Every structure is written in structure tokens, then in C-alpha cells.
Amino acid sequence: MNEEKLNYLEAIFLIVIVMITHIILEFPNVIIKDCGTSSFINIIFITILVSLFFIFICKLFSPFGGNNILAISEYVGGKKLKKCTSIIYCSYLLFISSVVIRNFCENLKIVYFPNANLLMLIGAFILTAVIVNKFSSGSIVKANTLLVPLILLTMIVVFVFSIKQASISRFLPILGNGLNKTFLKGILNIYSFGGLIYMYLIISDLKNIQDLKKVGLTSIIFSASYLLLSVSSLLTLFPFLVKGSNVLSVYLSTRTIRLGKFLPRIDTIFMFIWIFNFLLYLSIIIYYVKKIATETFSVKNKSSLLYFTAFIIFVASLLVQNSLQTYFLENTVYKYFALLVVFIYSPAILIIGYVKKNKELKKAKVEI
Amino acid sequence: MKSKKILIIMLLIILILFYISNIRSIYTIDDMAYVIALGLDNGDNNNLELTLQIALHSSSDSKGSSSSQSSSTLTSTVDCNSISEGINYINSYIGKKLNLSYCKVIVISEKLAEKGINDYISTLINDIEVRPYCDVLISKCDTKYFLQNSEPYLEKLSAKYYENEEISEKITGFTQEISLLDFYNDYYDTFKDPVAILGDQNSLSKDNDGKTEKLGLAVFHNGNLVGELDYNETLWHLMVSNKFKNTVLTIPSPFSDSEYISLQISSVKTKKKINIINNTPLINCDVSVSARILSATMNSNYMTKENISEIEDFANSYLKSNITDYLYKTSLVFGADIDSFGSEAVKKFATQEDWDNYNWLGNYSSSFFNVDVNTKLRSSYLILGI
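Rules of the game
Residues numbered from 1 in each chain as written. Chains lettered and ligands numbered in written order. Predicted model: local features only at pLDDT ≥ 70, side-chain atom pairs only at ≥ 80, totals over all residues. Heavy atoms only, no water. Contact = heavy atoms within 4.5 Å. Buried area = accessible area lost by both parts, 1.4 Å probe. Salt bridge = Lys/Arg side-chain N within 4 Å of Asp/Glu carboxyl O. Polar contact = N/O pair within 3.5 Å; in protein donor to acceptor, adjacent residues only side chain to side chain. Helix = DSSP H or I, 4+ residues; strand = E, 2+ residues; numbered from the N terminus. Buried < 20%, exposed > 50% of the residue type's maximum accessible area, 1.4 Å probe, protein only. Pairing = 2+ DSSP bridges. pLDDT = per-residue confidence, 0-100. Axes fitted to C-alpha atoms, helices over the stretch in contact; angles between N-to-C directions. Parallel < 35°, antiparallel > 145°, perpendicular 65-115°, else oblique. Nonpolar A, V, L, I, M, F, W, Y, C, P; charged D, E, K, R; others polar.

### Topic: the interface of chain B and chain A
Step number 1: On the chain A side, the residues contacting the 43 residues of chain B number 38 residues.
Step number 2: Taken together, the two surfaces of chain B and chain A that pack against each other cover about 3,300 Å², and 63% of this comes from carbon and sulfur.
Step number 3: The interface formed by chain B and chain A holds 1 salt bridge in total.
Step number 4: Seen at the junction of chain B and chain A, the total is 7 residue pairs in polar contact (both at pLDDT 80 or more).
Step number 5: Mapped by element, the contributors of at least two residues to the side of chain B that touches chain A are helix 1 (2-21), helix 8 (180-188) and helix 12 (352-358) of chain B.
Step number 6: Top contributing element to the side of chain B that touches chain A by residue count: helix 1 of chain B, with 9 residues.

Structure, rendered in C-alpha cells:
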């Protein structure tokens, strides 16, 4: 992506795919469990908050031109802080990618390959992501731009075709688990927009830096719509979700789709499309880990770095012992990790950098 | 050099794909046996009796089986502790892998349903092979008997016969298509209680052919079978729950004691309004019915202004009395809200906690009903009488 700068649409879809991946796996389930029937109010609420947060972030980025968070870290605290930021970002990306790929492969095994070896399933995903990264980084972006509209369309299809089974009254009581859980504790659900971490990195890859605000806000709207549709269909279809939990949230909705007697079950078609989604997700993560490490630690042999990144993801995904652990890591550990990195640590660096830059600019003006 | 690398990578991928596909464990169609109906009953020693109706391949010889009920299926029964164990037992002696992907109906005996069937339903809904749309039927006779005698009328395939509930619901309104997903959802819903299709030996037909019928509904509360609705009560249930499609209803004639008038009812809309007074639900049902007269006599014309009004009034009081009786039966006898009145009542509560504390399904048994019926008659005559 260094070779070719990202245009407006490519940048949006790059962020959207990351957020959608998490929505397909867990987010709707977690939000429904937290807020109950008021989940859709919570989503609207956190979308507004995240949009405001992002406008604020854009403001903080404005004096730095096309610099990403790594360059700003260096500006704020020298090379040490840059290294520290890089390590935090790489750990975050490696952690979540290994948990996500483990979770998806376990579900894939249940639905598609009951007799397959989990190790080989994970291996196949990682190997494909390595090959994609090895040959061309631009191809990730192009494939992603082609695939994201299709994935967005699948959710609309799920929503439209499952609506026959839905019961609107399952949105009631309107305040679900109460005002506190919807609005106060519910604020923590902004971690659903953890994919915004790429906004801190992508700025240096944008063709037009002025597009940053538009790219961010459009990605938030796309992701929020996808989340809203998936939560709405789950909530109106499955009353047991309010008190229970499930795996592979959106897949449940696809099982309810029946297109007459000739196409009684089409759930595997969605699963097939999502396989590409997860491949792209993994490719993007590996690409960014490679990019961060190269930028910070001046790695000369990029191939070795690529293999090493893939190896870490592979091993980390095998460390998880069962789906209960996967669930805990994805819904509890990731939640606080995302909140810390995306909504506390990175804005803190930006705020310090912004203040420092303004002081310098004022000083320069006074000197002139 | 680059092409060599590509070649190595490609070979690696192919090897992995072969490994993933686990080629030794792939089942071809000849290795599989497809279950079209699954039956659960009380077994000996208080365990489960599992009966499976399995479709025979065209190449299979049905004569070899002692238990086959029709040329296209084989019925097999085992005693077991769980559904999965039972399937495994049958796998062992049929020498094929049973597959539930084409299972059309889950038949559960009345005796077992009275004890509670939640665990079995949860097991089945979690099975990736079982379709969420396969029907749930409660059999008044043994499930083994029911499956062995579910020989289709005018059909060669049993699987197709099991799909006929939908058609029956559309034409007669004497039963309702209840899928596994509907049943499971209704069980977990705090607004309503579940119902299932009711099956028995044929009672309507005078042919005495030993065949089975699907007529009426089985009513559940707290996961246990609490009663049943006959085919007339099923009609009132469909009308009140706004799921009614079509039926022919015969009511006594208001003009003569020995005559009956057949009405084709094709549209019913029920508006529900619920007030909670001193923790007791007061339920108002406003039922609008659109009907056509099918009966005709040689010497009278029902389609005069006065006669229409008289038939409408009579139909109103007939429906009102039957629907009111039905509703009190659901509340006082069953204590089960099978008409989803709870989905209206919930509008009066702000949070889940308030709603849970009120315990709608527990309070439903103390409900009062106020039913109002408004019938609109239209003619379906080609030739009017005198």
C-alpha cells in the first residue's frame, strides 16, 4: 500500500472489513447480552459518540499533515515512544487476529468441515494470507474493494429474507436492561468500533489527506448500519439471545432463511463468502504488522518478518484451549485492549502532540 | 526462481486441502441414510425410545426390512439415553451414517411431552444437520405407531406428505405449521407459550384404514404439555393470533333449527388491547371477519338486506361465544398465552426488569376477556334463490 496510495473508497472498505469481521463473529451477541432489547438504541448512541470522537481525532491530526500515529509518537516522545507505540499496536493486531482466526476456524469446523483438523484449517488461512502479502500488497486492497460490497449485501439479504420470521415486539421493552446498561455501561460498547485503529495508521497511505474525515465517518456509518441490521435481525428472530449466548452470531440468522422448497437452506453460501472476508482480514492485519515493524525497527528482510508474523499468529491461535477461552479473550480481554489502545492511548498521544505542535507554532509566530 | 517458489507454494496448498478434506472420512450418498422423521417416546426403564423413519434409496430393497411401512421408507426403533446415542445405535446396525439434514418432522409422544421436552428440543436446534424449519408434532398415540402409519394420501413420498401441514393450515385452519424454530423461540419468549401440531389416529375419516391425521394443536406451558386444542379451537386460536388464512365454517341457520349455513372465511383481523388493572390483565379483542355464504337453498334467498343482517348478527354471537370460551380455556385451564397477548402487554413496561417482575405468563391465568366480533358477509352465488 506504500506503492499505491489509497483512494477514498479503498480506504473506507479497508476499515469496514475489519469491523464487519468482528460483527460476524461476536459483537451483536455481546451487545444484546449487555443491553437486551435496547441494543439498537445503544448502537445508535455509541455511533453518535464514536462519530464525535472521530471528528475530534481529525482535529488533532490536522497540524501533522500526512503523519500517522507512529510518526506523531516519535515527535512527542522520540524513538522510545515510537517503539513503544509500535509494540502496543503490533501486540494488539497479533492478539486479535489470532483470537479471531481461531474462533472463525472453530465455527467453520462445526458448519463446513466436521472432520477437518483445526490446525490445518488455521494453517490454510494463514498460509493464504502470507502468499497474498508475499506477492502483492496492492492486490489486498483491490480484492477488498471488490468483496466488501458483496459482504455488505449479504447482511441486507439476511435481514430482508429473515424478516418474515421476525417479531417486532421482541424490540420491547424499549429500554431493555435499563438506562444504566444502555447509556452508562453501554458506552463501553464503543469498542465495537475498535477497527478505527487503522485510522491512526492509514492517514499516511491516503491519496488525499483531506479525505480522512469523510473516510472515517463513512466507515463508521457503514459499520454501524451493518451492526444495527445484524442486531435487529438477531433480536427479532431469537428471544433466547437476550439471556443466553451463541457462537457466530450472524450465522444464526442465515439459518432462518428459506427460499421456497427448492432452496430450503442457504446458510453455507454466506459462510463461503465469509471465508474470503476472514482471509482478507488476516491479510490486512499481517500487512499492517509488517508495515509497523518495518517503519519502526528498520527491518531489512521483509520476507522473514512476514513469516515470523504469520508464525506468531499461528502459534497464538493454537494456545487457546477451548471456545470458552476464545469467547473470554474476544469479548472481555479484547474489549478493554481496544478501549485502551484506540480510545485512550492513541488519542492521548495525539493530544500531547497537538498541544506541543501548537506551542511550537505560536512560538514561531512570536519569533516572526 | 520465482516460478519455482510459486510451484512449491501451490503444492503445499494442494497438500493442505487434501489433508483438510480428510478424504478417508468423506461419505458418499451410498454411505448415508437420510432420516425424514424422528420420533421420541418414553422407553423401557424410564429412558428414551427413539424411532427414525429413514428414506430408502431407489436401489435399496425394502422387502428385507421387517419394519418398513411403505415402499419408500424404513422405520427403526431403539431404546437409548439420548438422541445422539440412539442415532449411534441405529448407525451400528444399518451400516450407514444417518443424516438429519432432510428430517421433515419431529414426532414426540404425548406421554413424553407431559414430562417436558426442552432438553430434546435444545439438542435438536443445536444440531447443525437439523433444519430449523422441520415441524414439531405431538402424537397422542405411540410415536412408533404414528410413524409406521403415516402413510401418505395421494403421495408416494412420505417426506412430501410431511410438508403438507402448511397446505392444511392454508385450506382448513384445522392445524398450524409449527417449526422447531417457532417452538424453541416461543419457549424462550416471555410474551407467549408454545404450541405444537397434534397428531393421532384418523378420527375424521370413516375408512378405518389405520392411517394418522394432523388435527388440532398441543399446548405447552413452562415447557410441559398442558392440554390440547381440537380443530375448532385451533380455528379460534388462528383467528385471535392473526395467523388465520382460510376455512369453511358451518353455523346453525338463524332461520331454521334443522338447517346449517356454510361460510367461507378468508380474512380475519384481530385488534388486541390490554389493560392491567390491579395486576390483572383485561384483554379486549376486536375481531373483524370477512365471509362468503356457500350454502344455498331452493326456496330462500339469504342475500337480502334483512337476511344478511340476521346472518351477520348470528355469526357474530356464534363466533363471540366460541372465541370467549376458547380464551378462558387458554387462561383458566392451560394458563398458557398461546395467542401472544404478551407482545401487546409488554408495551406497558419500560425495562426488562419490570417486565420480568410482572411475570406475564404467570399472571395470564387471571386474565379477563372482552371479545367483540364484527362479521361482514358477501355473496358467492351465481344464481340467487327466490
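There is more to say after this.
### Considerations on the pairing of strand 1 (residues 32-42) of chain B
Residues and elements named next belong to chain B.
Step number 1: Most of strand 1 sits out of view: 10 of its 11 residues are buried.
Step number 2: In the sheet, strand 1 pairs with strand 4 (residues 97-99) via 3 bridges, with the strands oriented parallel. For M32, the partnering residue across the bridge sits in strand 4 and is K97.
Step number 3: Alignment of strand 1 against strand 2 (residues 48-55), held across 8 bridges, turns out to be antiparallel. The residue of strand 2 that forms the bridge with Y34 is A55.
Step number 4: Two successive antiparallel strands, strand 1 and strand 2, enclose a turn made up of 5 residues, where N45 displays a positive phi of approximately 55 degrees.

### Description of the pairing of strand 5 (residues 105-109) of chain B
Side-chain positions along a regular strand alternate between the two faces of the sheet.
Residue and element names in this part refer to chain B.
Step number 1: When you tally the buried positions in strand 5, you get 5 out of 5 residues, the bulk of the element.
Step number 2: Burial along strand 5 is two-sided: the face carrying V105, V107 and S109 and the face carrying I106 and I108 are both buried.
Step number 3: Direction of pairing for strand 1 relative to strand 5: parallel, over a ladder of 4 bridges. The partner of G39 across the bridge, within strand 5, is V107.
Step number 4: Pairing of strand 5 with strand 6 (residues 135-139) involves 5 bridges; the strand directions are parallel. Its bridge partner being in strand 6, V105 is matched across the sheet by D135.

### Considering the confidence of the model for chain A
Step number 1: Per-residue pLDDT for chain A averages 84, and the proportion of residues at 70 or more is 97%.
Step number 2: Per-element confidence in chain A ranges from a low mean pLDDT of 80 for helix 10 (residues 249-254) of chain A to a high of 91 for helix 3 (residues 39-61) of chain A.

### Things to note about the packing of helix 9 (residues 231-240) of chain B against helix 10 (residues 305-334) of chain B
Residues and elements named next belong to chain B.
Step number 1: Following both chains from N to C, one finds helix 9 and helix 10 inclined at 90 degrees, their axes separated by 10 Å at the closest point. Judged by the angle between their axes, helix 9 and helix 10 are roughly perpendicular. Mapping the contact onto sequence places E233, W236, H237, M239 and V240 in helix 9 and Y318, L319, N322, I323, Y326, L327 and K329 in helix 10.
Step number 2: Looking at the contact of helix 9 with helix 10 residue by residue, the class counts come to 8 nonpolar, 2 polar and 2 charged.

### Focus: the environment of B:V287
All names here are of chain B.
Step number 1: By secondary structure assignment, the location of V287 is in strand 12 (residues 280-293).
Step number 2: Since its relative accessible area comes to 1%, V287 is described here as buried.
Step number 3: Distance from V287 to K269, taken between C-alpha atoms, is 5.8 Å for residues 18 residues apart in sequence.
Step number 4: Discounting chain neighbours no more than four positions away, the residues touching V287 are V268, K269, T270, I323, V371, D372, V373 and N374.

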